[in-house]
Amino acid sequence: MTTLLEFHAFLLSNTGTRLERFARAMAAVIRPGDVVLDLGAGSGILSILACRAGARRVYAVEQSDSVTLAEHLLAGTPERDRIDIIHAPSFDITLPEAADVIVADVHSIFGLQERGLSAMLDARARLLKAGGQVLPARIELHVAPAEAPDVYMTKVDHWRGATHGVSLEPVRTLAVNNVHSARLTPPQLLAAPVAICSVDILRASGLHLGGRVQMEVARAGTLHGLCGGMVTTLADRVEISNLPGDASSNFAHAFLPLDTPVPVAAGDALDIQIDAYDGDEMRWQVAVTSAASGATRRFAHSTFLSRVFSRDELRKRDPAYTPTLTPQGRLERDLLQRIDGGTTRAALEEWLMAEGGGALTRERLAELLVTTLARCG
Ligand SMILES: C[S@@+](CC[C@H](N)C(=O)[O-])C[C@H]1O[C@@H](n2cnc3c(N)ncnc32)[C@H](O)[C@@H]1O
């Protein structure tokens, strides 16, 4: 709960002008009497702002336990009776009426959160009226070459060291293929950020977001990686950005490292390609060509290479894998079969404790009951 509290304390009080801009955008888009879907409602703050913008009803959909915060914060507000809080992933819900407007802040530091784009497209297709509006309307990814020795040291080259005689080097590959969160300043950029790709949420049809830019280094320095950020158009002429130096929000940016820092001079050419898939995987390819020598250094990185897969996980992805139930799996199956709409929780618990004692501890049985009941209506 502490992490959720810290996260929402940040979102509610320390994200620059984010909430003012959302309020302004909603005032421009929401018409009196509209139905609004707040996708990823969190603390419920955007639901309140949607009501104030004129919404007749807001469906505040949140998958995480932060709905508890929403329940507490909304209780007693004049807007409470116009807001329905729904604790579920948006993919799993239907609404009693289609929404006129979808509002969502499911941004990450460089685009949308994992499955954020698919959530928006799914909600647009199933839960929005024809001709409805989506807020944000458009998200543009920007990149800039970055000189960031401290960030590079902390996030990447830390793994060149050793601890108690154990070399950390084997793990460096994971770090150099990761998208890191960082706070960079404009003087750390070796050229101004440029837009590399964008997504128009009302029209997008796929989950791949990619683009390529060619640019020149503006000043001499060492290229450690790319700074990634975004400019989001919430509604007409209402934007929010996390690019270095932009005061509209207080979000960190992304740092996409290169395997080897490259000394660069003004006029050196950069060819940058970014490919992102639904906030889940990202690939960055960078070619640096020296203006003086014409020599090119090429780098290709992917978050896929930063993933840690256990042998067991990989084995289960093999199409030839033939699953067999573990003792826990058999218990879960038998428990599910007892859930018939007439058996009480107490009776299920009693059965589970009697049957499962040989396979699992009482604590694990209690956990199994909770996870199984989470699937029940
Ligand atoms: C950045 S927070 C924003 C919270 C709040 N709307 C605000 O603006 O302060 C994003 C929230 O979206 C939720 N979320 C992301 N995808 C979701 C989905 N598909 N369905 C429901 N909630 C989702 C996350 O759990 C998280 O609480």
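Structure first, text after, so check above.
Each chain has its residues counted from 1, running along the sequence as written. Selection of residues for local features in this predicted model requires a pLDDT of at least 70, selection of side-chain atom pairs for listing and counting requires 80 or more, and totals for whole chains, interfaces and linings are taken over all residues. Calculation of side-chain values draws on the structure's entire complement of heavy atoms; hydrogens and water are dropped beforehand.

Q: How do you make sense of the overall build of the protein when you look at a structure like this?
A: Helix and strand definitions follow DSSP, with helices as H or I runs of at least four residues and strands as E runs of at least two, each counted in order from the N terminus. Within the protein one finds 11 helices and 19 strands. Taken over the C-alpha atoms alone, the protein extends approximately 80 × 60 × 35 Å along its principal axes. A total of 377 residues make up the protein; the buried ones form 45% of that total. Here the accessible surface of atoms and residues is derived via Shrake-Rupley with a 1.4 Å probe, and residues count as covered only by protein chains that are part of the display. Split by element, the accessible area of the protein, about 19000 Å² in all, is 53% carbon and sulfur. Across the protein, 37 positive and 44 negative side-chain charges occur, with their mean positions spaced 2 Å apart. For every residue, the accessible area (1.4 Å probe, protein chains only) is compared with the maximum for its type, and the residue is labelled buried under 20%, exposed over 50%, or partly exposed between those bounds. Only four residue types enter the tally: Lys and Arg on the positive side, Asp and Glu on the negative side; His and the chain ends are excluded. For this purpose, a charge sits on NZ of Lys, CZ of Arg, CG of Asp or CD of Glu.

Q: Would you mind going over the site of the ligand with me for this structure?
A: Near is defined per residue: the residue qualifies when any heavy atom it owns lies within 4 Å of the molecule or strand. Lining the immediate environment of the ligand, one finds 22 residues, of which R18, G40, E62, Q63 and S90 sit closest. R18 has a polar side-chain atom sitting 2.7 Å from an oxygen atom of the ligand. For this analysis, a polar contact is any N or O atom pair within 3.5 Å, provided that within protein one partner can donate a hydrogen and the other can accept it, and provided that sequence-adjacent residues contribute only side-chain to side-chain pairs. A distance of 2.7 Å separates an oxygen atom of the ligand from a polar atom in the side chain of E62. In the complex, 94% of the free accessible area of the ligand, which totals 600 Å², lies under the protein chains.

Q: I keep staring at unusual backbone geometry and nothing clicks. Help me out?
A: Here the residue pair L135 and P136 is connected by a cis peptide bond, since its omega of 15° sits within 30 degrees of zero. Following the sequence through the fold, P136 ends up in the loop between β7 (128-135) and β8 (138-146). For H164, which is not glycine, the phi dihedral falls at a positive 50°. With respect to the helices and strands, H164 occurs in the loop between β9 (162-163) and β10 (166-167). Phi angles above zero are rare outside glycine, and D278 is one such case at about 50°. Looking at the element boundaries, D278 is found in the loop between β17 (269-277) and β18 (281-289).

Q: It is not clear to me how the layout of surface pockets should be interpreted in this structure. Could you clarify?
A: One simple way to see leftover space: roll a probe sized like a water molecule over the atoms. For each structure, a 1 Å grid was placed over the protein atoms alone; sets of points admitting a 1.4 Å probe that cannot get out are labelled cavities, open sets with protein on both sides within 12 Å along at least five of seven lines are labelled pockets, and lining residues have an atom within 4 Å of a point. Grid points are joined across faces, edges and corners, and a volume is the space filled by probe spheres set on the points. Estimates place the volume of the largest pocket at around 730 Å³. If you go around the largest pocket, you meet 34 residues; those closest to its centre are F7, G40, D105, V106 and Q113. Secondary-structure elements contributing two or more residues to the lining of the largest pocket are α1 (2-13), α3 (45-52), β2 (57-62), β5 (107-108) and α5 (116-127). It is α1 that provides the largest number of residues to the lining of the largest pocket, a total of 6 residues. Residue polarity is assigned by list, with Asp, Glu, Lys and Arg as charged and Ala, Val, Leu, Ile, Met, Phe, Trp, Tyr, Cys and Pro as nonpolar; anything else, Gly included, falls into the polar class. When its residues are assigned to classes, the lining of the largest pocket shows 17 nonpolar, 12 polar and 5 charged. Taken as a whole, the second largest pocket holds about 330 Å³ of empty space. Lining the second largest pocket we find 14 residues, and of these S108, L112, V179, G279 and D280 sit closest to its centre.

Q: Before we go on, may I ask you to explain the nonpolar core in this structure?
A: Nonpolar side chains tend toward joint burial in soluble globular proteins. Among the buried residues, those of types Ala, Val, Leu, Ile, Met, Phe, Trp, Tyr and Cys that are joined through side-chain atoms within 4.5 Å form a nonpolar core. By size, the foremost hydrophobic cluster in this structure holds 53 residues, and its most contacted members are L37, I272 and I274. For this core, the leading source of residues is α5, giving 6 residues. L19, F22, A70 and I83 belong to the second largest nonpolar core, which has 29 residues in total.

Q: Would you take a moment to explain the pairing of strand β3 (residues 83-87) for this structure?
A: Two faces belong to every sheet, and in a regular strand the side chains alternate between them. Pairing of β2 with β3, which is carried by 5 bridges, proceeds in the parallel orientation. Bridge assignment links A60 to a residue of β3, and that residue is I85. We treat two strands as partners when DSSP finds at least two bridges between them.

Q: Sorry, what's going on with the sheet that holds β3 here?
A: Across the sheet, which stays open at both edges, the 5 strands sit in the order β3-β2-β1-β4-β7 with parallel pairing between neighbours. Each edge of the open sheet carries a strand with a single partner, namely β3 and β7. Taken over all neighbouring pairs, the strand axes of this sheet differ in orientation by 20° on average, direction set aside. Note: strand β1 (residues 35-39) against strand β4 (residues 99-104), 4 bridges, orientation parallel. Residue pairing for β4: L39 is matched across the bridge by A104. The contact rule is simple, with two residues in contact once any of their heavy atoms fall within 4.5 Å. For every element, the axis is a line fit to its C-alpha atoms; helices are fit only across the contacting stretch, and the angle between N-to-C directions ranges from 0 to 180 degrees. Across the sheet, helix α2 (residues 18-29) is in contact with β4 and β7; its angle to β7 comes to roughly 155°. Across the sheet, α3 lies against β1, β2, β3 and β4, angled at about 170° from β2, the strand it touches most.

Q: For this particular structure, what's the right way to read helix α9 (residues 327-338)?
A: Every α-helical turn comprises 3.6 residues, leaving residues that sit three or four positions apart pointing alike. In this analysis, the expected span of each helix is defined as 1.5 Å times one less than the number of residues it contains. Taking 1.5 Å of rise per residue, 12 residues should cover 16 Å, and α9 covers 17 Å from first to last C-alpha, within 8% of that figure. All buried positions along α9 are accounted for by G329, L331, E332 and L335. Looking straight down α9, one finds its buried side chains confined to an arc of 160°; they lie on one side. Where α9 is buried, its residues meet α10 (345-356) and α11 (362-373). Each C-beta atom gives one direction from the helix axis, and the arc is the one those directions make.

Q: I would appreciate a short explanation of empty space enclosed by the protein in the present structure.
A: Per the stated rule, a full pass over the model turns up 2 cavities of 30 Å³ or more. Quantified by volume, the largest cavity comes out at close to 110 Å³. Along its surface, the largest cavity is lined by F110, G111, L112, L117, I139, L141, V199, L209, A276, D278, G279 and M282. Looking at the lining of the largest cavity, the elements with two or more residues in it are β6 (111-112) and β8. Residues belonging to the lining of the largest cavity are distributed by class as follows: 9 nonpolar, 2 polar and 1 charged. Roughly 60 Å³ of internal volume is contained in the second largest cavity. Around the second largest cavity, the lining residues are R18, D105, H107, M230, T232, I240, S241, N242, S249 and F251. Looking at the lining of the second largest cavity, the elements that each hand over two or more residues are β14 (221-235) and β15 (238-241). Of the residues assigned to the lining of the second largest cavity, the class counts are 3 nonpolar, 5 polar and 2 charged.

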